[in-house]
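Letter by letter, the chains look like this.
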Amino acid sequence: MNVSKNLSTDKLRYKIKVSGLPRFYSLLDPLLQEFLKMINEELKLNCIHARYSKKGNAWLYLTFPTEFEQANALKLLKKYNWKGRSLISTLVTADTPKTNTNLTYIESNHATKKPKLDIPLSEQVLMSTIPYHSIEYEEQLRKKSEEARILFQRFGTIIQRKQPPLAEWCAMRKRQLNSDLAFELSPIIQSKKIDRYRNKCEWSVGINPENDSVAVGLRVKDSMDGIHYVGPPDCLRNLPIPMITLAKKFENFVKNYGGDWRLWRNMIIRMNEAGEVMVSIVVNQLVLDFEKLPSIKCSISKWFKENITENVVSLYFQVYGEKALADCISTPNEAELLWGQNLGAEELCKVVADLADVNENTTVLDLFCGSGCLALTLAKKCKQVVGIELIKANILDAKRNAEINGINNCEFIAGRTEDILDSVLEKLKGCNVTVIMDPPLTGVSPGLVRTLRKFEEAINLIYVCSNHKLPLKNLLDFSSVVRYWQKPIDSDPFLPLRIVPIDMCPHTLRSELVLHFKRFSIDEILSIKTDRPSRVYSHRKFKTKFHPRTSETTSNSQPSTSGVGGLLSYLKKIEERAFQEGLAKGLERKAFQIGYSRGLQSTDSDNNTFNKNSHIYPDQ
């Protein structure tokens, strides 16, 4: 069976996607090989090709030679139990070669060329939105807990490989916790609402591929020349009924409006716990005739007043595109309120409050604070809160939320975090600071990590992330003790102590992870005793791992300058010099090749040349 990760060369038709597998990081992963062997030998499925799209994923694409064998595989693996896991399988739309097609529009009709869909549309919507919809909730929690454990087992392995001085710290933590993890992993916190829990949804305007008509729903295919292929939302159990009803009403409005349907981009809906709804209608800049803008707004307001009976308290209008926003709306980052009152969403996070453990002497620095929900949770328990957020509209919401809740010890600053963090930290010198951050899925920049590490007043760090997008680079940067050439870093690290998984989105693959980091002294970490021989990372002489396979050995006396002993001395000095320049590994391999693969030996002239220049690279 061919196993590959090349997306462009895979043009076979009959595929299924198997989800719920253990995460695997290479084609030689034993669990992956065992699963593939089980597919062909035990289940007798004729799988001719398997691929994964990215290392660390928990799903696999299997290809079969005929449609009959594809259907048979789907039937057997639809909900198959393997090693205590419930695997989920679904059909996959056949890959189609990319072609340079020019799409044309005739009145309200979309292009005649559209992708062939060989999966029921409702199943596409379910698998792209809530792939765990058919699994019992208790099993969903088990799967997500295991996902978190696997992620941090890998993180611990990476830490010890890339940061050897932390190996003993990790071993000490494992002994303290009596666990195979160096970090305390708490039981997953389940969602209070399993169904109808979503408080935000974005409906796209596009084409329903089953009936070839304009529709409002969830995207099931990537856009192609401005077209979105969407599916109906009726089957989604995670959405409140008012969200689904509003989508259907907006679809009728788009169909009856006339003109080019591509004018309407999407509809955004937010709900709070009181059942109040905020609706935002977004139009496309490229299709918009700005002279008709007042008429468009009037049509939306009229439709809203005549047809909407849900508990909508505010209706917004927005033009998609920077130029359009600057021309039509007073500020380029804000939508225009057509009707109703401003609505700010607030969400309390008890887990963050528990991990932060703030008191009346604590200053909370909330980076990427959004509308301030995390910061405001802690405001009444701490001395002060400083929040930083890029989007000005969110800052206005944060200030409004603080005012509504009677909180007056908060300061919210609009701007790019990397640009204004230095000035904020300067004002916080001398304070006892706890940092909270809920950054984008891509994480934060290395420069921001360095700035926080050098800010000695920051003792605790709370990092919120999604488990399937664990920002390993950020976590390693916070935890690093030595640089890659093994020189100690000049700032104390933040090391992770506890991870709390929270299931905020039942029926999806996703759960939130709240990480508690604490500041540790780098000198304390480097001084941890070890019973195993290892490299020395302080300012002491580098010890080589180079051990040639020879019966001759070097003694404490000066080796000869000829023969194998002289060569070893010469290579060792080269290695010491290379270590100072950060090239130890490369030159070690090269020296081995030169000295033994090719049978070369050092000469007296080589040693003399080295001795003349050795003062440039003195031993530490």
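No experiment lies behind these values; they were computed from the predicted model shown.

Caption draft 1: Looking closely at the packing of aromatic side chains. Throughout the structure, instances matching the rule amount to 15 aromatic pairs. Between Phe253 and Tyr257, the ring centres sit 5.8 Å apart and the planes meet at 50 degrees, which makes this aromatic pair tilted. Highlighted residues: Phe253 and Tyr257, both in helix α6 (residues 241-257), separated by four residues, approximately one helical turn. The class of Phe253 is buried, set by a relative accessible area of 10%. For Tyr257, a relative accessible area of 28% translates into the label partly exposed. Lying across the ring of Tyr61, Arg51 places its NZ or CZ 4.6 Å from the centre.

Caption draft 2: Main features of the UniProt feature "binding site: S-adenosyl-L-methionine" (unreviewed entry) in the protein. The UniProt record annotates "binding site: S-adenosyl-L-methionine" (unreviewed entry) at Phe368, Glu389 and Asp438. Sequence-wise these annotated residues cover 71 residues; spatially they are packed, their C-alpha atoms never more than 10.8 Å apart. Structurally, the position occupied by Phe368 is in the loop between β15 (362-367) and α10 (373-379). Its place among the elements puts Asp438 in the loop between β18 (432-437) and α13 (446-454).

Caption draft 3: Fine view of the pattern of salt bridges. Following the criterion strictly, the structure yields 14 salt bridges and no others. Measuring nitrogen to oxygen at the nearest pair gives 2.6 Å for the salt bridge that ties Asp260 to Arg262. Classification of Asp260 as partly exposed rests on a relative accessible area of 25%. Take Arg262: its relative accessible area is 23%, and that puts it in the partly exposed class. Measuring nitrogen to oxygen at the nearest pair gives 4.0 Å for the salt bridge that ties Glu418 to Arg416. Within this structure, Arg416, Glu418 and Asp419 form a network of salt bridges that share partners.

Caption draft 4: Quick peek at the sheet that holds strand β19 (residues 458-466). Ordered by their spatial adjacency, eight strands build an open sheet running β7-β20-β21-β19-β18-β15-β16-β17, and the pairing between neighbours is mixed. Bordering the open sheet on either side are β7 (184-185) and β17 (410-414), each of which pairs with just one other strand. Relative to strand β21 (residues 512-519), β19 is paired through seven bridges, and the arrangement is antiparallel. Within the sheet, the bridge partner assigned to Asn460 lies in β21 and is Lys518.

Conventions adopted
- Residues numbered from 1 in each chain as written.
- Predicted model: local features only at pLDDT ≥ 70, side-chain atom pairs only at ≥ 80, totals over all residues.
- Heavy atoms only, no water.
- Phe/Tyr/Trp six-rings, centres within 6.5 Å; stacked < 30°, edge-to-face > 60°.
- Helix = DSSP H or I, 4+ residues; strand = E, 2+ residues; numbered from the N terminus.
- Buried < 20%, exposed > 50% of the residue type's maximum accessible area, 1.4 Å probe, protein only.
- Lys NZ or Arg CZ within 6 Å of the ring centre and 35° of its normal.
- UniProt positions renumbered as here; feature names shortened; annotations may be inferred.
- Salt bridge = Lys/Arg side-chain N within 4 Å of Asp/Glu carboxyl O.
- Pairing = 2+ DSSP bridges.

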